[in-house]
Amino acid sequence: MMSFIKKHAIPIILISLVFGISYLSYYNYKTQKNLLLQQMHNNSLNIASSISSAIERFHDIKSTMNLQKLVDDVSFGLEIFEFRYLESDGTIRNSMFKNEIGTILNSKSFVETMREDRKLKTFFFEVRDYVEVMSIYYPIYKGSQLVGIIDLAVDISEYNIKKDSKNNAPVLRRQDDILNLLKAMNGSITNSLEILTKTNINDFLYSYVKKSRHVRQISIIDNKQKVVASSDKLFLGRVLTGANSPSLGMNMIDGELKYLTIIDSFIDKDSSNMKLMLLTDASTYANHENKLLTTAASTSIIALLFALFTSRLIYYTAIEQSRKEKERLEHLVSIRTKEIELLSQTDALTGLWNRRHLEESLDIEFKRARRYNHDMSIMMIDLDHFKNINDTYGHMAGDEVLRQISTRIKECQRETDFIGRYGGEEIVVILPETDLETSAQIADSILKTIAAKPVKFESDSIPVTTSIGISCLRKEHSSYPMIFAEADEALYKAKENGRNRVEIFNPQES
Amino acid sequence: MVKKQNMIYSIFKILIFMSLLLSINLSAEVNQRIVDELASPKPEIPLKNAMGEKAYNDAINSGRYRYVGNSKCRLCHRKFFIGRKNDPHDHSMESLVRTGYEKNSHCLTCHSTGHGTETGYVNEEWTPRLSNVQCEGCHGPGNVHIDMAKAKTRKREEFIEGGFLAGQDSPKVLKKMCTSCHTKRWNKSYHDLDKSYDTYKKADPKSSRYK
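Remember, it's a predicted structure, so these values are computed and weren't measured experimentally.

We now examine helix α6 (residues 92-99) of chain B. Residues and elements named next belong to chain B. Within the span of α6, buried status applies to Ser92, Met93 and Leu96. For α6, the angular spread of the buried residues around the axis is 105°, confining them to a single face. For α6, the secondary structure elements touched by its buried residues are α7 (105-111). Immediately downstream of α6, the backbone of Gly100 shows phi near 80°, a positive value.

Pasting the structure below:
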């Protein structure tokens with residue numbers, strides 16, 4: 001296990017790095033996504049609360065009618081002392097005094113008017129809140145039906161004309177102005193009455209959705225999961241149970257990602273069991289989420305690429321290094337091999353003793369022979385026309401020739417003889433305890449053996465001959481190179497005399 | 001009996017005479033104050049006096065402030081409006097009418113609302129809604145306050161006060177308003193300014209005063 005880890009440390013580190021980074025980015029993605037979802041949910045709650053207050057306002061407006069603004073505008077804007085809008089039974093629907101809305105007007109003049117002691121649509125004078133005013137109860141009809149009464153009073157204390165008001169020009173002018181104002185109001189009131197009876201909650205929700213940027217659908221669901229109101233008319237009356245029941249959260253609807261929330265604690269005046277179902281546009285969420293995901297993925301991919309790149313880099317440097325090391329080693333080995341060859345005693349190609357060993361042996365044998373006054377001969381064998389063989393058949397053939405010649409020579413070897421490769425195509429045989437005659441015989445047999453058959457190399461058969469020079473130890477030799485040089489001289493003579501022959505060194509000739 | 005009756009009658013006669021004398025004396029005194037008032041230089045506009053000249057000029061010249069009249073205040077402060085109908089300030093014009101000085105700018109400075117400023121009381125024909133010492137006669141122009149209050153009517157509890165040059169947030173100015181009109185000459189209204197001042201926190205100061 002440990003060795004495995006050690007062996008694969010780098011890939012393991014890289015892989016865990018990639019995994020670590022991927023996990024981190026994924027984790028980050030998840031938390032961000034959750035945050036987004038939370039935000040989405042909170043947004044929906046906010047929207048829901050603003051919708052429910054809007055719906056409440058809608059109900060308010062429907063029940064009180066949007067005359068309040070008119071009342072306020074008139075009260076603040078014009079010199080008008082009192083202004084109310086009453087239902088036909090005297091209930092105050094709108095008033096400049098908000099706390100009396102909903103109560104029934106019971107002023108003396110109004111009671112008299114309702115008893116028909118006083119006429120509608122006629123000016124009269126009275127005191128309200130210690131102030132002398134001129135008042136009128138102005139009826140609003142829808143068709144022939146009385147639907148409301150405007151109660152309007154103006155401060156006339158400055159005129160001080162209570163007694164003969166009818167003749168007072170400024171007051172008459174004031175009456176004209178007021179009647180014109182009331183006519184205008186009558187028009188706008190009947191208008192808004194009409195609009196308000198036509199508008200229903202679905203249209204309201206629809207227009208809310210239309211105006212909103214993110215809300216796609218608003219529905220109100222009762223406790224039996226039935227859609228009682230919706231901005232989407234097709235949705236009305238549906239029962240949201242079983243397969244129809246909506247799944248909360250993200251939904252893919254009409255090719256658009258939408259977020260669905262249901263708010264239980266939706267405030268509704270009539271029933272507290274109503275729920276608000278909200279579909280909001282989640283495309284921005286989807287965008288954000290996509291971005292987050294791509295970021296996470298690209299982080300992981302970058303980490304992966306980085307790891308791959310690094311491993312590649314490490315791999316290449318390792319390979320390069322090992323290649324260099326190998327070259328260095330090979331070089332070293334070749335040098336060492338040469339040294340070893342030198343140090344060793346045999347020649348790698350022919351299996352004969354090598355030159356160094358040969359010289360050593362020559363030295364030893366020479367000394368011994370001298371010491372004990374024994375015979376000793378040296379034979380120098382040289383392949384004839386070896387350069388030609390190399391040139392004609394190639395170096396490989398040359399080598400093969402050398403190898404075979406060597407074995408052939410070895411065949412003629414006696415037990416005590418030393419055969420060594422002196423260099424190139426020169427082979428030297430040391431023949432201890434051997435006189436000239438015997439060595440000449442041996443040389444003869446070597447010559448014959450070699451020339452007997454050609455050397456086979458691949459498809460070629462190469463005819464080979466040798467020339468041999470022999471020398472023998474004599475009294476005047478003081479060191480082995482002397483006898484060696486004589487053998488060489490004999491060999492030269494053999495070459496000179498036509499090759500493929502044995503020549504014995506003759507001291508008289510030189 | 002008859003003698004006795006006569007005596008009683010004569011005592012009554014003396015009493016009536018004396019009270020007549022007294023009343024003549026009193027009316028003479030009132031007249032004296034009016035005479036003195038007319039003889040002395042015209043008083044400073046009360047709001048200017050209370051705020052100090054610089055602050056007053058800055059505020060009034062900014063053009064932000066306008067007198068609107070108490071029928072507008074009534075829309076939100078109906079109790080105050082009704083309560084103040086019991087207060088002499090709301091009838092101060094009558095004193096001038098009674099004495100025949102209702103067109104005298106000198107007297108109007110203290111007996112009407114905002115007289116002497118551009119948007120204040122001019123005369124009964126042009127500015128009937130600003131006669132008497134109204135709400136704004138003490139608190140200063142009210143339009144800014146109304147705008148602020150209207151903007152906040154939806155959430156009324158958020159709106160506590162504001163918009164006045166002499167409102168609750170500047171009680172020193174408000175107190176100095178009192179003394180700007182209630183000068184040494186016109187000082188019969190109260191003995192203790194602080195106590196009197198406090199009664200005006202109520203809608204009906206008079207009722208609270210005699211309780």
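Before going further, it helps to spend a moment on the sheet that holds strand β16 (residues 466-472) of chain A. Residue and element names in this part refer to chain A. Spatially, β12-β13-β11-β16-β17 is the arrangement adopted by the five strands of the open sheet, whose pairing is mixed. Edge positions in the open sheet fall to β12 (418-423) and β17 (502-504), since each of these has one partner strand only. With direction set aside, neighbouring strand axes in the sheet form an average angle of 20°. Two strands pair when backbone bridges link them, and strand β11 (residues 376-383) and strand β13 (residues 426-432) are joined in this way by seven bridges, in the antiparallel orientation. Paired with Ile378 across the strands is Ile430, a residue of β13. Packed on one face of the sheet, helix α8 (residues 355-372) meets β11, β12 and β13 and runs near 130° to β12.

Residue and element names in this part refer to chain A. In the structure shown here, the tally under the stated rule is 43 salt bridges over all chains. Note that Lys108 is salt-bridged to Glu112, the shortest N-O span being 3.5 Å. Of this pair, Lys108 and Glu112 are both found in helix α4 (residues 108-114), four residues apart, which corresponds to roughly one turn of the helix. The exposed category is assigned to Lys108, whose relative accessible area is 64%. We note a salt bridge from Arg115 to Asp117, for which the minimum N-O separation is 3.2 Å.

A word on the nonpolar core. Nonpolar side chains in soluble globular proteins tend to be buried together. All names here are of chain A. One finds Met379, Ile405, Ile409, Ile446, Val464 and Ile468 to be the most contacted residues of the largest nonpolar core, which totals 28 residues. Contributions of two or more residues to this core are made by β11, α9 (386-393), α10 (395-411), β13, α11 (436-452), β14 (455-457) and β16. For Ile409, the contacting residues outside a window of four places in its chain are Ile381, Ile419, Ile427, Val429, Ile446 and Ile450. Of all hydrophobic cores here, the second largest spans 27 residues; its members include Val71, Val74, Ile136 and Val171.

Its place among the elements puts Val239 of chain A in the loop between β7 (227-230) and β8 (249-253). The spatial distance from the C-alpha of Val239 of chain A to the C-alpha of Ile221 of chain A is 8.7 Å, given a sequence separation of 18 residues.

Bringing a negative patch on the surface into the picture now. There is a patch of like negative charges on the surface, built from Asp375, Glu433, Asp435 and Glu437 of chain A. Among the secondary structure elements, Asp375 of chain A is positioned in the loop between α8 and β11.

Residue and element names in this part refer to chain A. Reading across from one edge, β7-β6-β10-β9-β8 is the order of the five strands in this open sheet, with antiparallel pairing throughout. The sheet terminates laterally at β7 and β8, the two strands that pair on one side only. Ignoring which end each strand starts from, the neighbouring axes of this sheet average 30° apart. Here five bridges tie β8 to strand β9 (residues 256-263), and the two strands are oriented antiparallel to one another. Its bridge partner being in β9, Asn251 is matched across the sheet by Lys258. Sitting on the sheet, helix α6 (residues 201-211) is in contact with β6 (215-221) and β7, with an inclination near 155° to β6.

Residue and element names in this part refer to chain A. The phi torsion at Tyr130 lies on the positive side, around 70°, for a residue other than glycine. With respect to the helices and strands, Tyr130 occurs in the loop between β3 (124-128) and β4 (131-142). The phi angle at Arg499 is positive, at roughly 65°, despite the residue not being glycine. Within the element layout of this structure, Arg499 appears in the loop between α12 (480-496) and β17. Under the relative-accessibility criterion, Arg499 is labelled partly exposed at 32%.

Looking now at the side chain of Thr109 of chain B. All names here are of chain B. Relative to the helices and strands, Thr109 is located in helix α7. Relative accessible area serves as the criterion here: at 4%, Thr109 is assigned to the buried category. For Thr109, the side chain forms a polar contact with the main-chain oxygen of Ser105, separated by 2.9 Å. Setting aside its immediate chain neighbours within four residues, Thr109 contacts Lys42, Pro43, Glu44, Ile45, Pro46 and His115.

All chains considered together, the criterion is met by eight aromatic pairs over all chains. Between Trp353 of chain A and Phe418 of chain A, the ring centres sit 6.4 Å apart and the planes meet at 50°, which makes this aromatic pair tilted. In this pair, Trp353 of chain A is assigned in the loop between α7 (283-343) and α8 and Phe418 of chain A in strand β12, connecting sequence segments 65 residues apart. Take Trp353 of chain A: its relative accessible area is 28%, and that puts it in the partly exposed class. Within the aromatic cluster, the residues linked to one another by ring pairs are Phe110, Phe124 and Tyr137 of chain A. Positioned above the aromatic ring of Tyr422 of chain A, the side-chain terminus of Arg355 of chain A is 4.1 Å from the ring centre. In this structure, Lys175 of chain B is placed above the aromatic ring of Tyr197 of chain B, and the distance from its NZ or CZ to the ring centre is 4.8 Å.

Moving on: the packing of α8 of chain A against α12 of chain A. Residues and elements named next belong to chain A. Their axes nearest at 9 Å, the elements α8 and α12 cross at an angle of 110°. Between α8 and α12, the crossing angle belongs to the class labelled roughly perpendicular. In the packing of α8 onto α12, the handedness of the crossing is right-handed. Along the contact surface, α8 presents Glu359, Leu362, Asp363 and Phe366, while α12 presents Tyr480, Ile483 and Phe484. Taken together, the residues of the contact of α8 with α12 break down into five nonpolar, no polar and two charged.

Let's shift gears to the packing of α9 of chain A against α10 of chain A. Residues and elements named next belong to chain A. Relative orientation of the contacting elements α9 and α10 amounts to 135°, with a least axis distance of 6 Å. Classed by the angle they form, the pair α9 and α10 counts as oblique. Where α9 abuts α10, its residues Phe386, Ile389, Asn390 and Tyr393 lie against His395, Ala397, Gly398, Val401 and Leu402.

This part is about the environment of Ser361 of chain A. Residue and element names in this part refer to chain A. Relative to the elements of secondary structure, Ser361 occurs in helix α8. Here the alpha-carbon distance between Ser361 and Gly420, two residues 59 residues apart in the chain, equals 9.7 Å. Filtering out sequence-adjacent residues up to four positions away, Ser361 remains in contact with Phe366, Phe418 and Ile430.

Contact residues are listed per partner, giving twelve residues for chain B and 16 residues for chain A. Buried area between chain B and chain A, summed over both chains or domains, comes out near 1600 Å², and the portion from carbon and sulfur atoms is 56%. Of all residues in chain B, Arg74, Leu75 and Arg129 of chain B bury the most surface against chain A, accounting for 40% of the area lost on that side. One can count seven salt bridges joining chain B with chain A. Here Arg74 of chain B ties to Asp129 of chain A by a salt bridge, and the two come within 3.0 Å at their closest N and O atoms. Counting only elements with at least two residues in the side of chain B that touches chain A, the list comes to α4 (70-74), α5 (78-84) and α9 (143-151) of chain B. Here the residues of the side of chain B that touches chain A are counted per class, giving five nonpolar, one polar and six charged.

Rules behind the numbers
- Residues numbered from 1 in each chain as written.
- Chains lettered and ligands numbered in written order.
- Predicted model: local features only at pLDDT ≥ 70, side-chain atom pairs only at ≥ 80, totals over all residues.
- Heavy atoms only, no water.
- Buried < 20%, exposed > 50% of the residue type's maximum accessible area, 1.4 Å probe, protein only.
- Helix = DSSP H or I, 4+ residues; strand = E, 2+ residues; numbered from the N terminus.
- Arc of directions from axis to C-beta.
- Contact = heavy atoms within 4.5 Å.
- Pairing = 2+ DSSP bridges.
- Axes fitted to C-alpha atoms, helices over the stretch in contact; angles between N-to-C directions.
- Salt bridge = Lys/Arg side-chain N within 4 Å of Asp/Glu carboxyl O.
- Core = buried A, V, L, I, M, F, W, Y, C linked by side-chain atoms within 4.5 Å.
- Patch = residues over 30% accessible without salt bridge, like charges linked within 9 Å, V, L, I, M, F, W, Y side chains within 5 Å.
- Areas by Shrake-Rupley, 256 points an atom, 1.4 Å probe, with all protein chains shown as cover.
- Lys, Arg positive; Asp, Glu negative; His and termini not counted.
- Charge placed at Lys NZ, Arg CZ, Asp CG, Glu CD.
- Polar contact = N/O pair within 3.5 Å; in protein donor to acceptor, adjacent residues only side chain to side chain.
- Phe/Tyr/Trp six-rings, centres within 6.5 Å; stacked < 30°, edge-to-face > 60°.
- Lys NZ or Arg CZ within 6 Å of the ring centre and 35° of its normal.
- Parallel < 35°, antiparallel > 145°, perpendicular 65-115°, else oblique.
- Left-handed = near helix turned anticlockwise from the far one by under 90°.
- Nonpolar A, V, L, I, M, F, W, Y, C, P; charged D, E, K, R; others polar.
- Buried area = accessible area lost by both parts, 1.4 Å probe.

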